[in-house]
Amino acid sequence: MPAASFPPAMDPARLHARLIKVSSTDRALHNNLITLYSLSPSTLPSALRLFRCLPFTPTAASWTAIISAHSNDPAAALRLLVSMLRRPKIPSQATLSALLKTLSSSLPSFLFSGLQIHALAHKIALPRLPFAGSALVHFYCKARRPRDALNAFEEIPDQDEVCYGALVVGLAQNHCAADALSVFATMRSDSAVSSTMYSVSGALRAAAHLAALEQSRIIHAHAVVAGLETNLVVSTTLVDAYGKSGIASDARKVFEGMVTDANLVMWNAMLGAYAQQGDSERATQLFNEMLRQDFRPDEYTFLALLTACSNAGLADESERWIELMTSRYGVVPGLEHYTCLVGVMARVGRLADAERLALTMPCEPDAAVWRTLLSGSVVHHAVDMATVAGRRLLELDHRDDSAYVMLANIYSSTGKKDETAKVWTEMRDHGVKKEGGRSWIEVRGEVHVFIAGDRKHERMAEIHAKLMELMEEVGKLGYKETDEDLWYHSERLAVAFGVVSGSVPKGKSLRVVKNLRICGDCHEFFKYVSRVIGREIVVRDVNRYHMFQEGCCTCKDYW
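None of the values given here were measured: they were computed from a predicted structure.

Basis of the calculations
- Residues numbered from 1 in each chain as written.
- Predicted model: local features only at pLDDT ≥ 70, side-chain atom pairs only at ≥ 80, totals over all residues.
- Heavy atoms only, no water.
- Axes fitted to C-alpha atoms, helices over the stretch in contact; angles between N-to-C directions.
- Helix = DSSP H or I, 4+ residues; strand = E, 2+ residues; numbered from the N terminus.
- Parallel < 35°, antiparallel > 145°, perpendicular 65-115°, else oblique.
- Contact = heavy atoms within 4.5 Å.
- Nonpolar A, V, L, I, M, F, W, Y, C, P; charged D, E, K, R; others polar.
- Buried < 20%, exposed > 50% of the residue type's maximum accessible area, 1.4 Å probe, protein only.
- Polar contact = N/O pair within 3.5 Å; in protein donor to acceptor, adjacent residues only side chain to side chain.
- Left-handed = near helix turned anticlockwise from the far one by under 90°.
- Core = buried A, V, L, I, M, F, W, Y, C linked by side-chain atoms within 4.5 Å.
- Domains from an automatic or database assignment.
- Phe/Tyr/Trp six-rings, centres within 6.5 Å; stacked < 30°, edge-to-face > 60°.
- Lys NZ or Arg CZ within 6 Å of the ring centre and 35° of its normal.
- Pairing = 2+ DSSP bridges.
- Right-handed = clockwise from strand over helix to strand, strands pointing away.

**Q** Mind showing me how you'd approach the packing of helix α26 (residues 460–476) against helix α28 (residues 520–533) here?
**A** The packing of two helices is summarised by the inter-axis angle and the distance between the axes. Between α26 and α28, whose axes approach to 9 Å, the crossing angle comes to 95 degrees. When the axes of α26 and α28 are compared, the pair comes out roughly perpendicular. Across the interface between the two elements, L470, M471, E473 and V474 from α26 touch F525, Y528, V529, V532 and I533 from α28. Each residue belonging to the contact of α26 with α28 can be placed in one class, and the counts come to 8 nonpolar, no polar and 1 charged.

**Q** What exactly am I supposed to notice about the environment of N174 here?
**A** Inspection of the secondary structure assignment puts N174 in the loop between α10 (161–173) and α11 (177–189). Classification of N174 by relative accessible area gives buried; the value is 12%. Along the primary structure N174 and F110 are separated by 64 residues, whereas in three dimensions their C-alpha atoms are 19 Å apart. For N174, the contacting residues outside a window of four places in its chain are C141, R144, R145 and P146. In this structure the side chain of N174 is engaged in a polar contact, spanning 3.0 Å, whose partner is the backbone oxygen of C141.

**Q** What is the right way to read the packing of helix α2 (residues 27–38) against helix α3 (residues 44–52) from this model?
**A** Two numbers describe how α2 lies on α3: the axes approach to 7 Å, and their chain directions differ by 160 degrees. Here α2 is positioned roughly antiparallel relative to α3, judged by the angle of their axes. In terms of crossing hand, the pair formed by α2 and α3 is left-handed. On the side of α2, the interface is formed by H30, L33, I34, Y37 and S38, while α3 contributes L44, S46, A47, L50 and F51. Across the contact of α2 with α3, the residue classes break down as 7 nonpolar, 3 polar and no charged.

**Q** Looking at this structure, how should I read the nonpolar core?
**A** The nonpolar side chains of a soluble globular protein tend to be buried, and buried together. Grouped together as the largest cluster of nonpolar side chains are 154 residues, with contacts concentrated most on I66, L373 and L374. With 8 residues, helix α16 (residues 264–277) is the single largest residue contributor to this core. Counting residues in hydrophobic clusters, the runner-up holds 32 residues, among them M460, Y479, L493 and I518.

**Q** Please explain the domain arrangement of the protein chain as it appears in this structure.
**A** Often, the extent of an interface is quoted as the loss of accessible area upon association of its parts. For the protein chain, the assigned domains read domain 1 (9–56), domain 2 (58–158), domain 3 (351–370 + 379–435) and domain 4 (439–553). Between the C-alpha centres of domain 2 and domain 4 there is a distance of 48 Å.

**Q** What is the right way to look at the packing of aromatic side chains in this model?
**A** Inspection of the entire model under this criterion finds 15 aromatic pairs. Seen in terms of ring centroids, F51 and W63 are 4.7 Å apart; in terms of plane orientation they differ by 70 degrees. Their pairing is edge-to-face. In this pair, F51 is assigned in helix α3 and W63 in helix α4 (residues 60–69), connecting sequence segments 12 residues apart. The rings of Y479, F525, F526, Y528 and F548 are connected pair by pair, giving a single aromatic cluster. Directly above the aromatic system of W321 lies the positively charged group of R320, at a separation of 4.9 Å from the ring centroid. Sitting over the ring of F525, R492 keeps its end group 4.2 Å from the ring centre.

**Q** It is not clear to me how the pairing of strand β4 (residues 537–540) should be interpreted in this structure. Could you clarify?
**A** Every other side chain in a regular strand lies on the same face of the sheet, so the side chains alternate between the two faces. Both faces of β4 are covered, namely the face carrying I537 and V539 and the face carrying V538 and R540. Here strand β3 (residues 510–514) runs beside β4; their pairing, made up of 4 bridges, is parallel. Bridged to L510 within β4 is I537. As a crossover connection, the stretch from β3 through α28 into β4 is right-handed. What sits between the antiparallel neighbours β4 and strand β5 (residues 545–549) is a turn of 4 residues.

**Q** How should the sheet that holds strand β1 (residues 438–443) be read in this particular structure?
**A** Hydrogen bonds between backbone groups are what pair the strands of a sheet, and the pairing can be parallel or antiparallel. What the 6 strands build is an open sheet, ordered β2-β1-β3-β4-β5-β6; its pairing is mixed. Bordering the open sheet on either side are β2 (446–451) and β6 (552–553), each of which pairs with just one other strand. Strand direction decides the pairing type here: β5 and β6, joined by 2 bridges, are antiparallel. Following the sheet pairing, F548 is matched in β6 by C553. Along the sheet, α28 makes contact with β3, β4, β5 and β6, crossing β5 at roughly 40 degrees.

Structure (structure tokens):
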């Protein structure tokens, strides 16, 4: 039997008996046996008994093995660390890494314990080492503290691909997309660090969040060069990135190249790409193809189908899918599925049906359900329904700025000045501030961010001049606007910059992303601008994609 291994199918009790029989004191074998015992909850007590009766003084590896064995019990793992320190025994990189991984699964309850572990690591000079340092990066990312993760990363003098991968993925998961892409670019400039499926998929996730098409294509090309294009995780993230950039055709090309190896996650990602566009026909065709390949749909599959139907305004079809989920496929609809159905009913004007569904569905409606109904009520100018939905939403979350804004807008548009004033007063009394609108556009692989009334961009004089020119041109087509504050909304600045930069060839789309719902005035403005500049304007707001071309939008004025 090799010194540090044993047959993989070996029963731990039989191996233990053999070690006792031959009076073995092999440390590696005993430590591996602790790990083997810990693989099953039923034999975990045996791991602890073995640890307490080791025929040698427990090494750092022994302590690491028993701490790792308690990955589902962070309190017990911490008690073991305290016992280790009292021996005294100095923890290794592996010890602290195992403990941080355990604490990461029980956040935020064990956040303070993680901070204490970081302090301990400093005392024994571990944060500078890549293994321990990357564990700290991972912990802080899981704790939703990306700034601390960056600080932990910068403490590591010799950052390797594991450190970079942990940080890029963590920043992307924390919606720090620009930072994730910046770190990925720094990693690529270091010839000593190789790209991994983690760093590449993390960068693609960040590009998807920004709907940064050129960044997605650049990373795709890098994945090909790095030999990672055929990695299932990378290719799935590519499908998602192209889908969220609004290019379902490119997503399909990646999908077709991997279809023989595709798992359910990749099929769902491709369905999601069609859902973004409201392409229910292609989504349904792909679903049927998935069934022919013997894949069993799950809740995410149906969420994509319902999203596609919702974006296409197909209420009856959405109801059919909800019914089929249970009756044919044995998947119980959840809150997100019913939210889609409420949304599409509201979209087509079936507000009473949408409210009835919200009140009678088997799960308790959350803020998203009432926000969806409120949005639909605003579109259809249903003041009474908007009031009911808005009040329900504020009962659940009185700090939801969108509720106050939508209620104030519908009251204002219907001449209810007193109600409008009351809503703004209530919003102020609760200390709620409207979230600032931000829009970004990608030009030559660089993402430019704008806020309403922005004057900081280096080319702002040109941008404002172009906006004035566009206002004159759309005025000739019959579009009139008296409120000058609307002229400098963030999405308009982004589009004007896209035109001024000249980076988008004639006939190609201008692509803008906005963090909030696009306002009705800008929506109407872009219809006219698409005619003036003779090209498509694509805007992805918080709700959906809007594709403006020849004076029309694919959302059909509902979003």
